[in-house]
Amino acid sequence: MTVRLAIIGAGIMGGDHARLFAAEIPGVTLQTICDADAARARAVADKVGARHVASDPEAAIRDGNVDAVLIAAPDPFHAPLTLACIAAAKPVLCEKPLSQSTRECLAVMEAEERRGKRLVQIGFMRRFDPSYVEIKNLLASGALGKALMFHCFHRNVAPAYGVQDSMAICNSAPHEFDVARWMLGSDYTSISVFRPGGANAPQSAPVFMVLETAGGQLVDIEVNISAAYGYDVRGELVGEKGSAFLRAPVLADVNLGLKSYSVYPEDWRPRFVEAYRRQNLAWLKSLASGVPAGASAWDGYCATAVAEAGVAALRTGKTVAVEHVARPGFYA
Ligand SMILES: NC(=O)c1ccc[n+]([C@@H]2O[C@H](COP(=O)([O-])OP(=O)(O)OC[C@H]3O[C@@H](n4cnc5c(N)ncnc54)[C@H](O)[C@@H]3O)[C@@H](O)[C@H]2O)c1
């Protein structure tokens, strides 16, 4: 059996998912590549051999020849298009964040629960990254003792989606919000946000966040969307008996011209290629088995709740409590 997939959004991520599905993931037919920009949809479809192109995402989702949908359009379209997938009873892998608003996340959760079936997976692919998984397994084995802190940083070469002052918190940091919560197995209770003064471009200056969890752990996250030198994501989990650092895949250590160095990628795709592959494979397996995989709409909501509190903390300079609705039994 093959799953007929529609990809909505044929930009950097949609193009990369299409390439992965076409080249490396069996059991998928690329049925439709849909983009508001028809030429972009056509270019990706031609590259991966997709059957159809479209520019109306809602019609592409409703199409009877489409079994499942991957949403890689910009953030503001995630929740409305996920709702359209739920209305059409189609499973959906939606890129992160589910929304930049908890109100919209709650609407998705309510619609999914009304459908009575888990249809939504969120593209928090770091849960599938071998390095994060290794550390989570180490923690679960007890080797590191109790987890106390998680230090994270996330640096981009240049702003990918504009320079509104909240972008680092609403668009980039949800990866860390989700993966640290998943790693530590505990929800956040508060967030404080700091920003260095004196930057030439204050809107895109780094943000430094300190979060507390219900389990008493501390998480600190630097997000720098204008780091210039390369795409660089790191982390260290500190336990009572030891600590573990994430390792990015390094494919070559170069010795040249009296120097020794390795190379940074320009963006996230090479760093997380294995995570995207494993995430997409797990999603497909979950469609066949009916057992959900990865992050749910509830996890998407939790990340957005932290981001909303983070934006309030940035604006007020105060520590802000992270508020959640109670976890619905549907997401137990
Ligand atoms: N999981 C990750 O690691 C990761 C990494 C980067 C980006 N993202 C997320 O993926 C999404 C896409 O990011 P990108 O870098 O590919 O952006 P992009 O700008 O390269 O591509 C977005 C595409 O969507 C199209 N589009 C816009 N409105 C549309 C609509 N209503 N219907 C269909 N297509 C529409 C645009 O024409 C564009 O081609 C973003 O939400 C971003 O947050 C996730």
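Note that the coordinates shown come from a computational prediction; the quantities given were computed from them, not determined experimentally.

**Student:** What's the story with the overall build of the protein chain in this structure? I'm lost.
**Tutor:** When helices and strands are tallied, the protein chain shows 11 helices and 15 strands. The C-alpha radius of gyration of the protein chain comes to 20 Å, within 12% of the 20 Å expected for a compact globule of 332 residues. Projected onto its principal axes, the C-alpha positions of the protein chain cover 55 × 50 × 45 Å. Taken over 332 residues, the protein chain has a buried fraction of 43%. In the protein chain, the proportion of contacts linking residues at least 24 apart, taken out of those at least 6 apart, comes to 69%.

**Student:** Before we go on, may I ask you to explain the sheet that holds strand β10 (residues 218-224) in this structure?
**Tutor:** Whether parallel or antiparallel, the strands of a sheet pair through hydrogen bonds between backbone atoms. The sheet built from 7 strands is open, its strands ordered β12-β11-β7-β10-β9-β8-β15 with mixed pairing. Looking at which strands have only one partner, the edges of the open sheet turn out to be β12 (243-245) and β15 (320-321). Of the pairings in the sheet, the one linking strand β7 (residues 147-155) to strand β11 (residues 232-239) comprises 8 bridges and is antiparallel in character. Its bridge partner lying in β11, Arg 155 is registered against Asp 232. Helix-sheet contacts for helix α8 (residues 174-184) involve β7, β8 (188-194), β9 (207-213), β10 and β11, and the interaxial angle to β7 is about 155°. Set on the sheet, helix α11 (residues 297-316) makes contact with β8, β9 and β15; between it and β8 the angle comes to about 40°.

**Student:** So what exactly am I meant to see when it comes to the site of the ligand here?
**Tutor:** If you check the shell around the ligand, you find 26 residues, and the closest are Gly 9, Gly 11, Ile 12, Met 13 and Glu 95. Broken down by element, the residue count for the shell around the ligand peaks at 3 residues, all from helix α1 (residues 12-24). Looking at the shell around the ligand, its residues break down into 15 nonpolar, 5 polar and 6 charged.

**Student:** Is there a simple way to think about the domain arrangement of the protein chain in this case?
**Tutor:** A common way to express how large an interface is: the accessible area buried when the components associate. What the domain assignment lists for the protein chain is domain 1 (3-126 + 274-295) and domain 2 (130-267 + 302-321). Centre-to-centre, using C-alpha coordinates, domain 1 lies 26 Å away from domain 2. On the side of domain 2, 13 residues touch domain 1, which itself brings 13 residues to the contact. Its residues placed into classes, the side of domain 1 that touches domain 2 shows 5 nonpolar, 4 polar and 4 charged.

**Student:** Explain the sheet that holds strand β1 (residues 3-8) here, please?
**Tutor:** If you walk across this open sheet you meet the 6 strands as β3-β2-β1-β4-β5-β6, and the pairing is parallel. Here the strands that pair on one side only, and so sit at the sheet edges, are β3 (52-54) and β6 (120-122). When the angles between neighbouring strand axes are averaged without regard to direction, this sheet yields 25°. Bridge analysis of β1 against strand β2 (residues 28-34) gives 6 bridges, and the strand direction is parallel. Of the residues in β2, the one forming a bridge with Ile 7 is Ile 33. Sitting on the sheet, α1 touches β1, β2 and β4 (68-71), and the angle it makes with β2 is about 160°.

Criteria and thresholds
- Residues numbered from 1 in each chain as written.
- Predicted model: local features only at pLDDT ≥ 70, side-chain atom pairs only at ≥ 80, totals over all residues.
- Helix = DSSP H or I, 4+ residues; strand = E, 2+ residues; numbered from the N terminus.
- Rg over C-alpha atoms; globule rule 2.2 N^0.38 Å.
- Buried ≥ 20, exposed ≤ 12 C-beta atoms within 10 Å, placed from the backbone.
- Contact = placed C-beta atoms within 7 Å.
- Pairing = 2+ DSSP bridges.
- Axes fitted to C-alpha atoms, helices over the stretch in contact; angles between N-to-C directions.
- Near = placed C-beta within 6 Å.
- Nonpolar A, V, L, I, M, F, W, Y, C, P; charged D, E, K, R; others polar.
- Domains from an automatic or database assignment.

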